[in-house]
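Fold and contact review
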Amino acid sequence: MKIAVYDEIHGSAELEVQELAGLGPMQLRAEERIPGVTGKAFDLMAWYEAWCRIRKGSVLQNPTRLQVEAADEFQASVPWNELGQAMFLYAQENGEPLQKGYPIRLYVPDGSSECLNVKSVVRIRFDYGNSEDLTATYGFKNVVSPDQLKKGKAPNSNT
Ligand SMILES: Nc1nc2c(c(=O)[nH]1)N[C@H]1C(S)=C(S)[C@@H](COP(=O)(O)O)O[C@H]1N2
Ligand SMILES: [Mo]
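This report concerns the structure included in the present document.

Quick notes on the rules
Residues numbered from 1 in each chain as written. Chains lettered and ligands numbered in written order. Predicted model: local features only at pLDDT ≥ 70, side-chain atom pairs only at ≥ 80, totals over all residues. Heavy atoms only, no water. Helix = DSSP H or I, 4+ residues; strand = E, 2+ residues; numbered from the N terminus. Rg over C-alpha atoms; globule rule 2.2 N^0.38 Å. Buried < 20%, exposed > 50% of the residue type's maximum accessible area, 1.4 Å probe, protein only. Areas by Shrake-Rupley, 256 points an atom, 1.4 Å probe, with all protein chains shown as cover. Lys, Arg positive; Asp, Glu negative; His and termini not counted. Charge placed at Lys NZ, Arg CZ, Asp CG, Glu CD. Pairing = 2+ DSSP bridges. Axes fitted to C-alpha atoms, helices over the stretch in contact; angles between N-to-C directions. Contact = heavy atoms within 4.5 Å. Near = heavy atom within 4 Å. Polar contact = N/O pair within 3.5 Å; in protein donor to acceptor, adjacent residues only side chain to side chain. Nonpolar A, V, L, I, M, F, W, Y, C, P; charged D, E, K, R; others polar.

Looking only at helices and strands, one finds three helices and 10 strands in the protein. Listed N to C, the secondary structure of the protein is β-β-α-β-β-α-β-β-β-β-β-β-α in terms of helices and strands. Taken over the C-alpha trace, the protein has a radius of gyration of 16 Å; the compact-globule value for 159 residues is 15 Å, and the two agree within 12%. Structurally, the protein occupies a C-alpha span of about 50 × 35 × 30 Å along its principal axes. Among the 159 residues that make up the protein, the fraction classed as buried is 45%. Taken as a whole, the protein presents about 8,500 Å² of accessible surface, with 46% of it coming from carbon and sulfur. Each charge class in the protein can be summarised by its mean position, and for the 17 positive and 21 negative side chains these summaries are 5 Å apart.

Pasting the structure below:
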């Protein structure tokens, strides 16, 4: 499964898990940062620097946020300053694809909520917009089903 990376400044790409993970210069065992979580991970900050260097020679601008979107339409937007210890889990300890969270899972150990640990990430966006809003957000995309309309329920947010 390909993962789409969107970066208005440094360019966009669709990468297989192994290609994406292979770009990461700082490989980790997940439990180094989160006790109880096992598997192979890579550090987000080091990955981002490598990405920019490969694409443009250097980091031209720092993002304000990381946005991730999952296969089930769960999404999160995390201010850059919460991501110092962030990592993507991409394989089990034995190197096999993830059983839970496939293809990759974001972990934000320094984040404001465990809800930001988005499973099954299929889209990654580096956001360079407004840097004043420092709140992390997460939840399902605002899709209203016919059933919700009937019941008069509001779309989910911050689930
Ligand atoms: N794709 C996806 N990721 C998700 C969620 C989800 O519904 N879908 N729930 C989030 C929330 S609200 C929490 S609290 C954690 C739960 O992680 P766990 O399944 O490892 O307990 O996953 C987060 N990641
Ligand atoms: Mo949650």
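Resuming the write-up.
This paragraph deals with the sheet that holds strand β6 (residues 74–79). Taken together, the six strands give an open sheet; going across it, the order is β2-β1-β9-β5-β6-β10, and neighbouring strands pair in mixed fashion. Two strands close off the open sheet at either side, each with one partner strand: β2 (13–16) and β10 (137–140). The sheet shows a mean angle of 15° between the axes of neighbouring strands, taken without regard to direction. Note: strand β1 (residues 2–7) against β2, four bridges, orientation antiparallel. Paired with Ala4 across the two strands is Glu14, which belongs to β2. Lying on the sheet, helix α2 (residues 44–56) is in contact with β1, β2, β5 (65–70) and β9 (121–127); it crosses β1 at an angle near 70°.

Near ligand 1 you find 12 residues, and of these Asp72, Lys100, Arg105, Asn117 and Lys119 are the closest. Asp72 places a side-chain nitrogen or oxygen 2.8 Å from a nitrogen atom of ligand 1. Taken together, the residues that form the shell around ligand 1 break down as five nonpolar, two polar and five charged.

These figures capture arrangement, not role.
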